[in-house]
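# Structural overview for review
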Amino acid sequence: MAYPHRAFISIGSNLGDKLDNCLRGIDALTAAGDIRIRRRSAMYRTEPVDFKDQDWFVNCVILVETGLDPLGLLERLQSVQRQAGRPVERLRFGPRVLDLDLLLYDGVILEDPRLTLPHPRLHRRRFVLKPLCDIDPDTVHPVLNQTAQALLAELEEEGQQVVEIE
Ligand code: ADP
Ligand code: MG
């Protein structure tokens, strides 16, 4: 098995045992043997941003190596979400057992109806950029041409609290 590609994935949960949901989701990603976890950020409790009237999330970011192509990796993320008991139809940005988003895949820029790369909201979210910076602060956003660290520095903490758990 070859693992030529590097991808950053955002993991989140705000229903049930959130920390456990995230950790199980990460484990489930490796089950088929075509994804290897290289790094995992700290775990964070994070304030909900898009839809404020819901519980805080637990979030982290992982760096993986894989032989899957971008859409193959997205399909895997969606299958692990379903396995975790997340219904397909639901309130956009609302509560979820497990949310797996593909943030960056090598330096790929993609506009597909199913997949946008880099993730379209990555640069506006502290709950993504803070853990991303734990793993690789120098990683460059291929559209904005700025590092994760520089993007994080531009964001206000107000309304986007991110508190490390462990
Ligand atoms: P969000 O994570 O933005 O709150 P969802 O998890 O419900 O919302 O994702 C909605 C749709 O976004 C998915 O059906 C997926 O096809 C699409 N999508 C587009 N780009 C990405 C990406 N980079 N990572 C994950 N999903 C994406
Ligand atoms: Mg998602």
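Use the structure listed above.
Basis of the calculations
Residues numbered from 1 in each chain as written. Chains lettered and ligands numbered in written order. Predicted model: local features only at pLDDT ≥ 70, side-chain atom pairs only at ≥ 80, totals over all residues. Heavy atoms only, no water. 1 Å grid on protein atoms, 1.4 Å probe; cavity = no way out; pocket = protein on both sides within 12 Å on 5 of 7 lines; lining within 4 Å. Points joined across faces, edges and corners; volume = space filled by probe spheres on them. Nonpolar A, V, L, I, M, F, W, Y, C, P; charged D, E, K, R; others polar. Patch = residues over 30% accessible without salt bridge, like charges linked within 9 Å, V, L, I, M, F, W, Y side chains within 5 Å. Areas by Shrake-Rupley, 256 points an atom, 1.4 Å probe, with all protein chains shown as cover. Salt bridge = Lys/Arg side-chain N within 4 Å of Asp/Glu carboxyl O. Helix = DSSP H or I, 4+ residues; strand = E, 2+ residues; numbered from the N terminus. Expected span 1.5 Å × (residues − 1). Buried < 20%, exposed > 50% of the residue type's maximum accessible area, 1.4 Å probe, protein only. Arc of directions from axis to C-beta. Contact = heavy atoms within 4.5 Å. Pairing = 2+ DSSP bridges.

### Some points on empty space enclosed by the protein
Across all of its chains, the model carries one cavity of 30 Å³ or more by this definition. In terms of lining residues, the largest cavity is bounded by Leu104, Leu122, Leu132, Thr139, Val140, His141, Thr147, Ala148 and Leu151. Counted by class, the lining of the largest cavity contains six nonpolar, three polar and no charged residues.

### Thoughts on a nonpolar patch on the surface
Together, Ile109, Val143 and Leu144 make up a nonpolar patch on the protein surface, roughly 260 Å² of accessible area in all. Checked against the element boundaries, leucine 144 lands in the loop between α3 (126-135) and α4 (148-153).

### Concerning helix α1 (residues 18-29)
The first and last C-alpha atoms of α1 sit 17 Å apart over twelve residues, in line with the 16 Å expected at 1.5 Å per residue. The set of residues buried in α1 consists of Lys18, Asn21, Cys22, Gly25, Ile26, Ala28 and Leu29. Taken end-on, α1 shows its buried residues confined to a sector of 160°, consistent with a single buried face. Turned more than 90 degrees off the buried face of α1, the exposed positions are Arg24 and Asp27. Where the residues of α1 are buried, they touch β1 (5-13), β2 (35-40), β4 (57-66), α2 (70-83) and β5 (99-105).

### Here we look at the pairing of β4
Counting buried residues in β4 gives ten out of ten residues, a clear majority hidden from the surface. Where burial is concerned, the two faces of β4 agree: the one with Phe57, Asn59, Val61, Leu63 and Glu65 and the one with Val58, Cys60, Ile62, Val64 and Thr66 are both buried. Relative to β4, β1 is paired through nine bridges, and the arrangement is antiparallel. Within the sheet, the bridge partner assigned to phenylalanine 8 lies in β4 and is leucine 63. Relative to β4, strand β3 (residues 44-46) runs antiparallel, the two sharing three bridges. In the strand pairing of β4, threonine 46 is matched with phenylalanine 57.

### With respect to unusual backbone geometry
In this model, leucine 117 is joined to proline 118 through a cis peptide bond whose omega is -10°. Residue position: proline 118 is located in the loop between β7 (116-117) and α3. In this model, aspartate 106 sits at a positive phi of 45°, which is unusual for a non-glycine residue. The topology assignment puts aspartate 106 in the loop between β5 and β6 (110-111). A relative accessible area of 36% places aspartate 106 in the partly exposed class. Of note, the phi angle at asparagine 145 is positive, near 55°, even though the residue is not glycine. Within the secondary structure, asparagine 145 is located in the loop between α3 and α4.

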